[in-house]
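A look at the structure
In case you want the letters, here they are:
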Amino acid sequence: MKKVLQKDLDFKKWIESEKANRDLCSTYDFCKDCDKNINNPCEIAYAQFKKKNRKKVLSFEEKLNLAKDETKEKFESLIDEIKDLEIKTRICKKHVTLRYKKVLLGVITLTKNSLKIHLNADFNKYEDIPHLDYSNKKTYVLYPFTIKLTTKKAVKSSLKILKEIK
């Protein structure tokens, strides 16, 4: 695979150099890490560049700390009400798991300021509740019934479903 990437980069440089009527080697962002004395210098420089410039994935707690106060309050009140239902919560790296008697009921996720609850619920039974279908997403296969927790009504609906599925 390494030789394929090197060939692809060489071909791209060659085509773009032809268009520019000059040699574009050492002009790309990843070229500053290039060492022409080794085999496959472009491929190695490109890999190092990609590794340095990869975005850091934030944990759930880090996202929550960066969230708006309104989102934090909504999350805290939701967790309190879930605990009143005797459902155990656990903050993991990516989400908060919801379990009742060791059975996974769903998860709570946070993206920027969008709080969502993903449940293992029957779509036909809860047609009247606004929801999203995440069954085509690999991560949410076990709990595809997704509710965006943007309003108090959405929070109440999710609590209603949790009461019924536990």
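1. Concerning the overall build of the protein chain
Scanning the protein chain from terminus to terminus reveals 5 helices and 6 strands. Helices and strands appear in the protein chain in the N-to-C order α-α-α-α-β-β-β-β-β-β-α. Here the C-alpha coordinates of the protein chain stretch approximately 65 × 35 × 30 Å along the principal axes. A buried classification covers 36% of the 166 residues belonging to the protein chain. Considering only residue pairs separated by 6 or more positions, the protein chain has 47% of its internal contacts joining residues 24 or more positions apart. Only carbon and sulfur atoms are counted for the fraction: they give 51% of the accessible area of the protein chain, which is about 11,700 Å². Considering the protein chain, the positive charge centre built from 39 side chains and the negative charge centre built from 24 side chains are found 2 Å apart.

2. Concerning the layout of surface pockets
Space inside the largest pocket adds up to approximately 230 Å³. Looking at the largest pocket, it is lined by 14 residues, and the ones nearest its centre are Lys63, Lys94, Leu110, Thr111 and Tyr140. For the lining of the largest pocket, the element with the highest residue contribution is strand E3 (residues 103-111), accounting for 4 residues. Grouping the constituent residues of the lining of the largest pocket by class yields 6 nonpolar, 4 polar and 4 charged.

3. Observations regarding the sheet that holds strand E2 (residues 96-100)
The sheet built from 6 strands is open, its strands ordered E1-E2-E3-E4-E6-E5 with antiparallel pairing. The open sheet terminates on both sides in strands that have one partner only, identified here as strand E1 (88-91) and strand E5 (132-133). Pairing between E1 and E2: 4 bridges, direction antiparallel. Opposite Ile91, over in E2, you have Val96 as the bridge partner. Contacts between helix H4 (residues 69-84) and the sheet are confined to E1, E2, E3 and strand E4 (114-119), with E3 contributing the most and set at about 170 degrees to the helix. Along the sheet, helix H5 (residues 152-165) contacts E2, E3, E4 and strand E6 (145-148); its crossing angle with E4, the most-contacted strand, is approximately 20 degrees.

4. Observations concerning the nonpolar core
In terms of nonpolar packing, the biggest core is built from 29 residues, with Ile108 and Leu162 touching the most fellow members. Of all the secondary-structure elements, those providing two or more residues to this core are helix H3 (60-66), H4, E2, E3, E4, E6 and H5. It is H5 that contributes the most residues to this core, 5 residues altogether. In terms of nonpolar packing, the next biggest core, distinct from the first, is built from 8 residues, Leu9, Tyr28, Cys31 and Ala45 among them.

Parameters and conventions
- Residues numbered from 1 in each chain as written.
- Predicted model: local features only at pLDDT ≥ 70, side-chain atom pairs only at ≥ 80, totals over all residues.
- Heavy atoms only, no water.
- Helix = DSSP H or I, 4+ residues; strand = E, 2+ residues; numbered from the N terminus.
- Buried < 20%, exposed > 50% of the residue type's maximum accessible area, 1.4 Å probe, protein only.
- Contact = heavy atoms within 4.5 Å.
- Areas by Shrake-Rupley, 256 points an atom, 1.4 Å probe, with all protein chains shown as cover.
- Lys, Arg positive; Asp, Glu negative; His and termini not counted.
- Charge placed at Lys NZ, Arg CZ, Asp CG, Glu CD.
- 1 Å grid on protein atoms, 1.4 Å probe; cavity = no way out; pocket = protein on both sides within 12 Å on 5 of 7 lines; lining within 4 Å.
- Points joined across faces, edges and corners; volume = space filled by probe spheres on them.
- Nonpolar A, V, L, I, M, F, W, Y, C, P; charged D, E, K, R; others polar.
- Pairing = 2+ DSSP bridges.
- Axes fitted to C-alpha atoms, helices over the stretch in contact; angles between N-to-C directions.
- Core = buried A, V, L, I, M, F, W, Y, C linked by side-chain atoms within 4.5 Å.

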